[in-house]
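# Notes for the structure review
Listed below, chain by chain, are the residues.
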Amino acid sequence: SARLASKMDCWVCGGNMVGSAASFYIDTEPDPILVTGVPCLICDQCGEKAYGVAAVRVLMAIKAGPIEPTRLGTIRAYDYALAAQSCEDASSSGG
């Protein structure tokens, strides 16, 4: 089991890092990978995440491909700038 330091201060803001689990996105071509339930520490102030060595090893193995996915699906990908422009266009046209 992956173990992380029980007490750690966030290196970004100095906040308290709390044990949790998070989703981790790996930008691969042609299909991106989403890994859920990754053990980590999350800052209770700014949300910065820290992953232990064991978790990183598993993520690297998943990216390398020898591990079969738990489920297959589609991830909707958005370009932020294009989405923001669509929002601006919709609000300026009253929609």
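Residues numbered from 1 in each chain as written. Predicted model: local features only at pLDDT ≥ 70, side-chain atom pairs only at ≥ 80, totals over all residues. Heavy atoms only, no water.

### Side note on the layout of surface pockets
Its volume calculated, the largest pocket comes out at about 710 Å³. Lining the largest pocket are 16 residues, and of these Pro32, Ile33, Leu34, Pro69 and Arg71 sit closest to its centre. A total of 4 residues in the lining of the largest pocket trace back to one element, the largest contributor, which is strand β2 (residues 33–43). A class-by-class count of the residues in the lining of the largest pocket yields 9 nonpolar, 4 polar and 3 charged. (1 Å grid on protein atoms, 1.4 Å probe; cavity = no way out; pocket = protein on both sides within 12 Å on 5 of 7 lines; lining within 4 Å. Points joined across faces, edges and corners; volume = space filled by probe spheres on them. Helix = DSSP H or I, 4+ residues; strand = E, 2+ residues; numbered from the N terminus. Nonpolar A, V, L, I, M, F, W, Y, C, P; charged D, E, K, R; others polar.)

### Things to note about helix α1 (residues 53–64)
Over its 12 residues, α1 extends 16 Å from the first C-alpha to the last, a length consistent with the 16 Å expected when each residue adds 1.5 Å. Taken together, the buried positions of α1 are occupied by Ala55, Leu59 and Ile62. All buried residues of α1 lie within an arc of 60° about the axis, which places them on one face of the element. Pointing more than 90 degrees away from the buried face of α1 are the exposed residues Val53, Arg57, Met60 and Ala64. Packing partners of the buried residues in α1 comprise β1 (17–26) and β2. (Expected span 1.5 Å × (residues − 1). Buried < 20%, exposed > 50% of the residue type's maximum accessible area, 1.4 Å probe, protein only. Arc of directions from axis to C-beta. Contact = heavy atoms within 4.5 Å.)

### Description of the confidence of the model for the chain
The predicted model of the chain has a mean per-residue pLDDT of 86, with 92% of residues at 70 or higher. Confidence scores differ between elements of the chain, with helix α2 (residues 80–92) showing the lowest mean pLDDT of 86 and strand β3 (residues 49–50) the highest of 96. (pLDDT = per-residue confidence, 0-100.)

### Notes on the pairing of β2
Here 9 bridges tie β1 to β2, and the two strands are oriented antiparallel to one another. When the bridges of β2 are listed, Val18 appears paired with Ile42. Between β1 and the antiparallel strand that follows it, β2, lie 6 residues. Sheet topology places β2 next to β3; 2 bridges connect them, and they run antiparallel. Across the sheet, the residue bridging to Leu41 is Ala50, located in β3. (Pairing = 2+ DSSP bridges.)

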